[in-house]
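Next come the chains, spelled out residue by residue.
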Amino acid sequence: MRGVKRGYTRDCSVTIAVLIGLLSFTTEPAAAGPMADANKDGTVNGQDLLAWQANLFNTGKNTPGDFNQDGIVNGSDLLMWQSQLYMSAPPAPPQNTAANPEPISFTLSLLGLGGISLAIRRRDRAHPAPIAAV
Ligand SMILES: [Ca+2]
Ligand SMILES: [Ca+2]
């Protein structure tokens with residue numbers, strides 16, 4: 001009975017570690033450019049200000065120049081453009097997945113978990129738990 005509880009706890013901890021590894025493997029933050037980049041060229045500059053000016057006081061969803069996406073192009077959008085002037089989008093992640101180090105580190109963490117599991121199993125074989133009297 002006691003050995004079953006210890007094995008159950010060990011299996012749960014390994015499962016949790018694997019789930020954490022999978023979550024860290026799959027939750028890459030998406031690269032997003034500055035919100036004031038109206039023409040989506042990767043940089044906030046004068047061309048984005050021209051988009052704001054051409055659509056000033058226009059309303060509607062996804063109107064160019066509506067940087068804060070509140071449905072109207074107004075002074076708040078100009079302030080956002082001003083605060084993000086000359087900001088650039090972060091570089092795109094590499095398209096070649098073989099050069100991406102995350103899968104390798106995930107595999108190494110799985111190998112490490114397997115090694116820990118083997119070490120625990122060997123320790124349990126060398127020092128078995130006493131059988132409790134029923
Ligand atoms: Ca731009
Ligand atoms: Ca707006």
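Below, the structure is looked at part by part. None of the values given here were measured: they were computed from a predicted structure. Within any chain, residue numbers begin from 1 and follow the written order of that chain's sequence. To label them, take the chains in the order written and letter them from A, then take the ligands in the order written and number them from 1. Selection of residues for local features in this predicted model requires a pLDDT of at least 70, selection of side-chain atom pairs for listing and counting requires 80 or more, and totals for whole chains, interfaces and linings are taken over all residues.

What follows concerns the overall build of the protein chain. Strands here mean DSSP runs of E at least two residues long; helices mean DSSP runs of H or I at least four residues long; both are numbered from the N terminus. Each helix and strand in the protein chain was counted, giving four helices and zero strands. Residues with at least 20 neighbouring C-beta atoms inside 10 Å of their own are called buried, those with 12 or fewer are called exposed, and the rest are partly exposed, where every C-beta is derived from the backbone. Out of the 134 residues in the protein chain, the part that is buried amounts to 10%.

Listed as buried for helix 2 (residues 46-54) are Asp-48, Ala-51 and Trp-52. Projected down its long axis, helix 2 carries its buried residues within an arc of 100 degrees, all on one side. Projecting away from the buried face of helix 2 at angles above 90 degrees are the exposed residues Gly-46, Gln-47, Gln-53 and Ala-54. Residues of helix 2 that are buried sit in contact with helix 3 (75-83). Of all possible arcs, the one meant is that of the directions from the helix axis to the C-beta atoms. By definition, residues are in contact whenever their C-beta atoms, placed on the basis of the backbone, come within 7 Å of each other.

This brings us to the packing of helix 2 against helix 3. Axis definition: a line fitted to C-alpha atoms, over the contacting stretch in the case of helices. Angles run 0 to 180 degrees between N-to-C directions. Where helix 2 meets helix 3, the axes come as close as 11 Å, and the angle between the chain directions of the two elements is 180 degrees. The angle between helix 2 and helix 3 falls in the class roughly antiparallel. Contacts between helix 2 and helix 3 pair Asp-48, Leu-49 and Trp-52 from the former with Asp-77, Leu-78 and Trp-81 from the latter. Each angle gets one of four labels, with under 35 degrees taken as roughly parallel, over 145 as roughly antiparallel, 65 to 115 as roughly perpendicular, and the rest as oblique.

A few words now on the nonpolar core. A general feature of soluble globular proteins is that nonpolar side chains tend to end up buried together. Formed by Ala-36, Ala-38, Val-44, Ala-51, Trp-52, Phe-67, Val-73 and Trp-81, the largest nonpolar core amounts to eight residues. Contacts of Val-44, omitting those with residues within four sequence positions, involve Pro-34, Ala-36, Asp-37, Trp-81, Gln-84, Leu-85, Tyr-86 and Met-87. Buried Ala, Val, Leu, Ile, Met, Phe, Trp, Tyr and Cys residues form a nonpolar core when they are connected through C-beta atoms within 7 Å.

Below, the discussion takes up the environment of Phe-57. In this fold, Phe-57 is placed in the loop between helix 2 and helix 3. C-alpha of Phe-57 to C-alpha of Asn-74: the two residues are 17 residues apart in sequence and 5.6 Å apart in space. Contact partners of Phe-57, with chain neighbours within four places excluded, come to Val-73 and Asn-74.

On to unusual backbone geometry, then. For Phe-57, which is not glycine, the phi dihedral falls at a positive 70 degrees. For Phe-57, a count of 8 C-beta atoms within 10 Å puts it in the exposed group. The backbone of Gln-69 sits at a positive phi, close to 55 degrees, despite the residue not being glycine. The topology assignment puts Gln-69 in the loop between helix 2 and helix 3.

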